[in-house]
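# Observations on chain architecture
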Amino acid sequence: MAFIDANRDDVVEGRKLGVEPICAVLRDAGIQVAPSSYYAAKARPPSARTVRDSELRPILRRLWEDNYRVYGARKLWKAARRAGHDVGRDQVGRLMRAEGIEGVRRGRRVRTTRPELGVPRHPDLVRRDFTATGPNQLWVTDLTFVATWAGVAYVCFIIDAYSRMIVGWRAAPHMRTTMVLEAIEMARWSLGTQLTGLRCHSDAGSQFTSLRYGERLAEIGAVPSIGTVGDSFDNALAETVNGYYKAELIRGPARTGPWKTVDDVELATLGWVHWHNHQRLHGYLGDQTPAEFENTPYARKRTDQPLVEIQ
């Protein structure tokens with residue numbers, strides 16, 4: 001039907017093709033379509049499935065657009081169900097194909113760790129076990145970078161292993177220790193200044209082996225933990241967050257063009273972190289958001305001690 005609709009008004013030798021000549025050509029090609037069948041199909045009212053599909057397609061596209069255009073069929077199906085739409089997973093996949101939309105795919109990782117050789121390091125207190133029974137028991141942190149027209153933007157995230165909540169982050173035009181300290185201060189501001197028993201795990205980058213980093217964690221009752229050099233599995237959770245940050249935001253389908261400045265990256269990251277914590281569905285959390293996962297069984301505890309100024 002679509003082929004006939006697309007060609008019936010074409011003009012050949014001064015005359016429109018019409019339905020009957022096209023059907024004759026199709027019949028000669030071995031495709032049996034009678035003009036009466038075409039007219040009957042055009043006059044027939046749309047099926048219930050067609051009507052339902054026409055209602056769902058704009059809804060699914062809007063949900064996909066609202067989530068940085070990164071959701072594949074499973075998460076878009078979950079998002080639609082959470083929004084109150086009665087739709088099946090296979091139906092979502094079919095309608096996504098009809099709309100020409102798809103989920104984001106992650107790219108390769110680029111190394112940013114620069115170990116400082118010969119410097120004593122804190123022991124590995126995690127040993128690839130990134131599980132926690134509550135908030136503020138285990139944080140993981142790492143750096144990544146974003147190329148811009150004005151230079152390189154370095155981004156540090158601190159993630160709570162319990163809920164995958166990004167509790168602190170910082171974007172800067174350098175990768176000095178101060179940016180990591182500022183990310184810690186953001187976490188302290190929102191969570192409290194005494195988090196006794198907390199482990200903060202990282203790779204062996206020079207920012208995380210510095211004396212100031214260890215001192216700042218000690219001020220809040222936390223202890224540093226550092227994995228082995230050159231082994232991404234020892235900090236796999238932080239590497240995972242860096243990976244989907246790059247795939248979803250930095251190189252994501254919602255990006256409008258090249259990143260021009262560090263400030264552009266910082267502003268975009270601010271919005272992405274809020275979406276990550278409050279809207280992004282995480283399969284590890286049973287397709288809940290980090291905020292929902294934490295608020296169900298736990299209420300965060302904090303103290304109101306003054307924050308320490310970064311030097």
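Here, every reference points to the structure presented above.
Structural notes, computed from the coordinates. Predicted model, so just to flag it, every value in this text is computed and none were measured.

In terms of regular secondary structure, the chain is built from 12 helices and 7 strands. Out of the 311 residues in the chain, the part that is buried amounts to 44%. Look at the contacts in the chain between residues 6 or more apart in sequence, and 68% of them connect residues 24 or more apart. Accessible area for the chain stands at about 16,400 Å²; split by element, carbon and sulfur atoms hold 53% of it.

Read from one edge to the other, the open sheet built from 5 strands follows the order β5-β4-β3-β6-β7, with strand pairing classed as mixed. Each end of this open sheet is capped by a strand with a single partner; those strands are β5 (166-172) and β7 (223-226). Neighbouring strand axes in the sheet, compared pairwise and without regard to direction, differ in orientation by 25° on average. Here strand β3 (residues 138-148) pairs with strand β6 (residues 199-202) via 3 bridges, running parallel.

Each aromatic ring pair is characterised by the separation of its centres together with the angle its planes make. If you walk through the whole model with that rule in mind, you get 8 aromatic pairs. Ring centres of Y68 and W275 lie 4.8 Å apart, and the angle between their planes is 55°; this geometry places the pair in the tilted category. Of this pair, Y68 sits in the loop between α4 (48-66) and α5 (73-82) while W275 sits in helix α11 (residues 262-278), and the two are 207 residues apart along the sequence. A single burial state applies to Y68 and to W275, both of which are buried. Summarising the aromatic geometry, the rings of Y245 and W272 are spaced 5.1 Å apart at their centres and angled 65° between planes, so their arrangement reads as edge-to-face.

Another point: the pattern of salt bridges. In this structure the tally under the stated criterion is 19 salt bridges. R105 serves as the salt-bridge partner of E102, at 3.4 Å between the closest nitrogen and oxygen. E102 sits in the partly exposed class, given a relative accessible area of 47%. Of the charged contacts, one joins R188 and E219 as a salt bridge, the two residues approaching to 3.4 Å between their closest N and O atoms. Placement of R188 in helix α7 (residues 177-191) and of E219 in helix α9 (residues 211-219) is noted, with a sequence separation of 31 residues between them.

Core analysis: the biggest nonpolar cluster contains 45 residues, and F157, Y245 and W272 have the highest contact counts within it. Looking at this core, the elements with two or more residues in it are α4, α5, α6 (89-99), β3, β4 (151-160), β5, α10 (236-250) and α11. For this core, the leading source of residues is α10, giving 7 residues. Residues contacting Y245, with those up to four places away along its chain left out, are T144, V146, V155, F157, I250, V265, T269 and W272. One finds I158, M179, V180 and L198 within the second-largest nonpolar core, a separate group that totals 25 residues.

Cut-offs applied
- Residues numbered from 1 in each chain as written.
- Predicted model: local features only at pLDDT ≥ 70, side-chain atom pairs only at ≥ 80, totals over all residues.
- Heavy atoms only, no water.
- Helix = DSSP H or I, 4+ residues; strand = E, 2+ residues; numbered from the N terminus.
- Buried < 20%, exposed > 50% of the residue type's maximum accessible area, 1.4 Å probe, protein only.
- Contact = heavy atoms within 4.5 Å.
- Areas by Shrake-Rupley, 256 points an atom, 1.4 Å probe, with all protein chains shown as cover.
- Pairing = 2+ DSSP bridges.
- Axes fitted to C-alpha atoms, helices over the stretch in contact; angles between N-to-C directions.
- Phe/Tyr/Trp six-rings, centres within 6.5 Å; stacked < 30°, edge-to-face > 60°.
- Salt bridge = Lys/Arg side-chain N within 4 Å of Asp/Glu carboxyl O.
- Core = buried A, V, L, I, M, F, W, Y, C linked by side-chain atoms within 4.5 Å.

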